[in-house]
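# Chains, contacts and geometry: an overview
The residues making up each chain are set out below.
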Amino acid sequence: MELITILNRCHRLRGFVYQHAHFSPDKKSTEVAVRPRKGSAAVCSRSHLPAPGYDQLGERRFEFIPLWWFLVFLLYTMRRVNCRRYGIVAVEEVPWGDGKRTFTKAYPLFLARWARRLSWKETAEAFRTSWDKVFDAVEHVVTFGLEHRVLGLIDAIGVDEIQYAKGHKYLTLVYQIDLDVTRLLWVGRERSIESFRGFFTVIGDELASKIVFVCSDMWEPYLKVIREKCSEALHILDRFHIVAKMNKALDEVRAGESRRMATEGRVPVLRKSRWLLLKREENLKTEQRFRLRDLLRYNLKTVRAYLLKEAFQQLWDYNSPAWAGKFLDDWCRQVMRSRIEPMKKIARSLRQHRELILNYFRAQKLLSSGVVEGLNNKAKVTMRKSYGFRTFRCLELALYHSLGKLPEPESTHEFF
């Protein structure tokens with residue numbers, strides 16, 4: 001089967017004909033000559049209407065999808081036409097190219113799909129192209145997707161931050177977390193009020209007013225914008241961040257008490273006990289269970305803080321907001337009498353956000369930021385897979401490309 005026959009089957013060009021194919025002088029690429037079909041009129045790139053010819057330009061090379069480790073180029077001599085609608089001389093429109101780009105429309109879609117599976121550098125190496133061309137391909141596909149995506153009705157969103165560089169540099173990520181749709185909606189630089197407001201500027205007040213559920217952590221700038229823009233939505237605080245803060249408080253108690261015991265010359269019973277205390281009991285190995293049982297015999301602040309943390313997990317077993325609220329109040333009162341300052345700080349924070357915590361039960365436990373945490377992990381994998389991006393633009397494109405579920409340009413054939 002000849003190459004021309006394959007191209008006619010998978011990448012047919014209306015109004016044009018594949019004339020012949022041959023190797024380049026260095027035998028490293030295949031060049032396919034294209035000519036206009038007899039009797040077909042050129043189409044103006046400005047008005048998109050047929051127009052009479054004016055003259056011809058030099059031959060252009062359009063990079064196509066590689067075949068059997070050979071680069072493939074389409075060669076075509078562009079025509080200029082006399083556009084009657086605008087009264088100008090313009091370059092013709094060709095179905096395989098777009099503007100002054102040096103590659104065919106199929107090529108960036110091909111590269112972008114592989115860039116979702118591999119790192120951008122690995123994609124460039126696999127198909128004998130440059131990193132810049134892979135970047136251009138992803139940018140082209142993402143730009144198309146953002147322009148053509150349909151937001152539709154959004155019932156639930158989750159907002160969280162993710163660190164992308166040293167020096168406390170964060171991104172604000174907003175996800176749609178409906179029961180049937182999970183996708184990245186927006187990427188913002190930093191985790192500030194202005195940054196989060198940018199999301200609501202994009203979707204508009206009308207769509208924002210129809211959001212039913214919002215999941216977030218206790219970061220005050222997020223809470224303020226949610227009160228301002230989604231006052232009618234049920235705001236659910238993220239249970240995973242609450243548990244993470246409690247683990248951090250427990251670790252602070254353990255570290256402080258361990259240092260104090262070392263200073264006083266006491267037996268270092270807390271040595272190498274960090275993960276014994278932070279892991280859930282059901283996740284401990286048999287040897288760790290025995291060590292934990294021995295540790296719990298000591299009358300230490302760390303042990304009391306651990307027991308308070310474990311007792312708090314019972315909150316998530318309730319279904320009724322009223323009973324969950326009663327348990328939360330009792331637990332906070334018990335912590336405030338414990339004289340363990342890091343745990344008391346957590347209790348004061350939980351009291352302050354009591355109603356937002358109970359919204360988890362009012363939503364019948366159907367929504368939480370567990371989905372957001374999962375998407376954040378995928379975002380981190382995207383960044384690690386690419387060995388870090390030097391600019392915010394690269395990171396933004398990669399995240400939209402991997403998590404945005406954006407529509408893609410139409411393709412005549414699935415090339416992989």
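Structure: above.
Residues numbered from 1 in each chain as written. Predicted model: local features only at pLDDT ≥ 70, side-chain atom pairs only at ≥ 80, totals over all residues. Heavy atoms only, no water.

### Details of the nonpolar core
Formed by 95 residues in total, the largest nonpolar core has its most connected members in W331 and L350. Looking at this core element by element, the count peaks at eight residues for helix α15 (residues 392–403). Among all residues touching W331, those that are not within four sequence positions of it are M246, L308, A311, F312, M343, A347 and L350. One finds L7, I65, Y76 and V94 within the second-largest nonpolar core, a separate group that totals 23 residues. (Core = buried A, V, L, I, M, F, W, Y, C linked by side-chain atoms within 4.5 Å. Buried < 20%, exposed > 50% of the residue type's maximum accessible area, 1.4 Å probe, protein only. Helix = DSSP H or I, 4+ residues; strand = E, 2+ residues; numbered from the N terminus. Contact = heavy atoms within 4.5 Å.)

### Structural notes on the sheet that holds strand β6 (residues 156–165)
Spatially, the five strands line up as an open sheet ordered β8-β7-β6-β9-β10, and their pairing is mixed. Pairing within the sheet leaves two strands with one partner each, and these edge strands are β8 (182–189) and β10 (234–237). The average undirected angle you get between the axes of adjacent strands in this sheet is 25 degrees. Sheet topology note: the β6/strand β9 (residues 213–216) ladder contains three bridges and is parallel. Across the sheet, I157 pairs through a bridge with V214, a residue of β9. (Pairing = 2+ DSSP bridges. Axes fitted to C-alpha atoms, helices over the stretch in contact; angles between N-to-C directions.)

### Quick notes on the layout of surface pockets
Here the largest pocket is characterised by a volume of approximately 830 Å³. In terms of lining, the largest pocket is formed by 28 residues, of which the most central are E161, H241, A244, K245 and K248. At the level of elements, β6, α7 (239–263), α12 (341–352) and α14 (370–385) are the ones that each hand at least two residues to the lining of the largest pocket. The element that contributes the greatest number of residues to the lining of the largest pocket is α7, accounting for nine residues. Partitioning the lining of the largest pocket into residue classes produces 12 nonpolar, five polar and 11 charged. (1 Å grid on protein atoms, 1.4 Å probe; cavity = no way out; pocket = protein on both sides within 12 Å on 5 of 7 lines; lining within 4 Å. Points joined across faces, edges and corners; volume = space filled by probe spheres on them. Nonpolar A, V, L, I, M, F, W, Y, C, P; charged D, E, K, R; others polar.)

### A word on the packing of α7 against α12
For the pair α7 and α12, interaxial distance at closest approach is 8 Å and the crossing angle is 160 degrees. When the axes of α7 and α12 are compared, the pair comes out roughly antiparallel. On α12, the residues touching I242, K245, M246, A249, L250, E252 and V253 of α7 are P342, M343, I346 and L350. When the residues that make up the contact of α7 with α12 are grouped by side-chain class, the tally is nine nonpolar, no polar and two charged. (Parallel < 35°, antiparallel > 145°, perpendicular 65-115°, else oblique.)

Read these as spatial facts, not as claims about activity.
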